[in-house]
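Residue strings, one per chain:
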Amino acid sequence: MLHRLMEASDYSALRDLWSRFPGNALTGADSREGFERFLEANGRFCFVAVDSGAIAGSVMAGSDTRRGYVYHLAVAEEYRRSGTGRTLMTLVEDALRDAGIEKLHLFIFRDNPAVAFYSKLGWQVREDIHVMSKILGDAPVSDAHGATSREPGRPGGDGGGPICGYLKQPGIPGSEPEGGEE
Ligand SMILES: CC(C)(COP(=O)(O)OP(=O)(O)OC[C@H]1O[C@@H](n2cnc3c(N)ncnc32)[C@H](O)[C@@H]1OP(=O)(O)O)[C@@H](O)C(=O)NCCC(=O)NCCS
């Protein structure tokens, strides 16, 4: 398994990977334009795992210079439980630490089994804060299968599956807790 920085040309293969998880919430930020914009700003924090030329895993992370945020950690089913997710997260954590970031956050549905994965990697569930979100404009959130909803982080249709939510841009007032030690 090879690990490298994510490239703009990976977009189609990544959409395909992310679309394999029912309930995964893909938003306007996951359009090709949104993807490329994110990579331009945060490309040094985004990685893929590649096996025989095919994308086997992904993680995207971004920094607003204050905190780091992790998105789209995904490992194709046939490659799971062999350390790929852990390696991708190590790459992200090292890159963000090297950039001077002291703390990372991610957003995940409570019922996602990946909570146990993150716990093993030292992440802690926060019980002391709410995440508050606001959709700007008219764009609905849509899941990988086309179901739409205006509820942030939850795709439409059946109310969403056990997959990591994808919130709007970090750093926008209202999407991060104010004050306290977030
Ligand atoms: C979460 C995910 C990325 C884990 O990838 P992975 O390559 O299977 O993880 P690893 O093999 O590196 O596992 C690292 C450790 O976590 C454990 N682990 C992995 N998945 C787990 C799960 N669902 N429940 C409990 N423990 C888990 C492994 O056993 C391993 O433990 P160990 O170090 O004691 O051996 C993968 O299951 C996935 O793509 N899930 C679907 C997408 C998703 O939900 N992503 C999170 C979005 S926020």
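Cut-offs and rules
The written sequence of each chain sets the order in which its residues are numbered from 1. In view of the model being predicted, local features appear only for residues whose pLDDT reaches at least 70, and side-chain atom pairs are presented and counted only at 80 or more, with totals across whole chains, interfaces and linings using the full set of residues. Two strands qualify as a pair provided DSSP detects at least 2 bridges between them. In this description a helix means any DSSP run of H or I spanning at least four residues, a strand means any run of E spanning at least two, and both kinds are numbered starting from the N terminus. Lines fitted to C-alpha atoms define the axes here, with helix axes fitted over just the stretch in contact, and angles between the N-to-C directions of these axes take values from 0 to 180 degrees. Any residue pair is listed as a contact if its two C-beta atoms, each placed from the backbone, are within 7 Å. Remark: nonpolar core denotes a set of buried Ala, Val, Leu, Ile, Met, Phe, Trp, Tyr and Cys residues whose joining runs through C-beta atoms within 7 Å. Field definition: a residue is buried when 20 or more other C-beta atoms are found within 10 Å of its C-beta, exposed when 12 or fewer are, and partly exposed for counts in between, with C-beta atoms placed from the backbone. To estimate how far a helix should reach, multiply one less than its number of residues by 1.5 Å. As used here, the arc belongs to the directions running from the helix axis to the C-beta atoms.

**Q** Please provide a residue-by-residue account of the pairing of strand β3 (residues 47–51), values included.
**A** In this structure, strand β1 (residues 2–5) lies alongside β3, joined through 4 bridges in antiparallel fashion. The residue bridging Leu-5 from the neighbouring strand is Phe-47, located in β3. Summarising the sheet, β3 and strand β4 (residues 54–63) pair through 5 bridges and their orientation is antiparallel. Its bridge partner being in β4, Val-48 is matched across the sheet by Ser-58. From the end of β3 to the start of β4, which pair antiparallel, there are 2 residues, and Ser-52 there has a positive phi angle of about 50 degrees.

**Q** Can you lay out the sheet that holds strand β5 (residues 68–75) for me, pointing to particular residues and giving the numbers?
**A** Taken in spatial order, the 5 strands make up an open sheet running β1-β3-β4-β5-β6, and their pairing is mixed. Sheet topology places β1 and β6 (104–106) at the edges, where each strand pairs with a single neighbour. Averaged over all neighbouring strand pairs, the angle between strand axes comes to 25 degrees, with direction disregarded. This element, helix α3 (residues 84–98), spans β1, β3, β4, β5 and β6 of the sheet and lies at about 30 degrees to β4.

**Q** Run through the nonpolar core, naming residues and quoting values.
**A** Counting residues in each nonpolar core, the largest one holds 26 residues, and the members touching the most others are Cys-46, Phe-47, Val-59, Ala-61, Leu-88 and Val-92. Counting only elements with at least two residues in this core, the list comes to α1 (11–19), α2 (32–42), β3, β4, β5 and α3. Element by element, the count of residues in this core is highest for β5, at 6 residues.

**Q** For α3, give the residues involved together with the corresponding values.
**A** In a regular helix each residue adds 1.5 Å, so 15 residues correspond to 21 Å; α3 covers 21 Å between its end C-alpha atoms and thus fits that length. Every buried residue belonging to α3 is among Thr-84, Gly-85, Leu-88, Met-89, Leu-91, Val-92 and Leu-96, and all of these are buried. For α3, the angular spread of the buried residues around the axis is 155 degrees, confining them to a single face. In this structure, α3 carries Asp-94, Arg-97 and Asp-98 as exposed residues pointing more than 90 degrees from its buried face. Where the residues of α3 are buried, they touch β1, β3, β4, β5, β6 and α4 (114–120).

**Q** Can you explain unusual backbone geometry? Please cite residues and give values.
**A** For Thr-65, which is not glycine, the phi torsion reads 80 degrees and is therefore positive. Along the chain, Thr-65 falls in the loop between β4 and β5. A positive phi angle, near 50 degrees, is found at His-72, a position not held by glycine. Looking at the element boundaries, His-72 is found in strand β5. Since 21 C-beta atoms lie within 10 Å of it, His-72 is described here as buried.

Remember that the coordinates give geometry; whether it matters functionally is a separate question.
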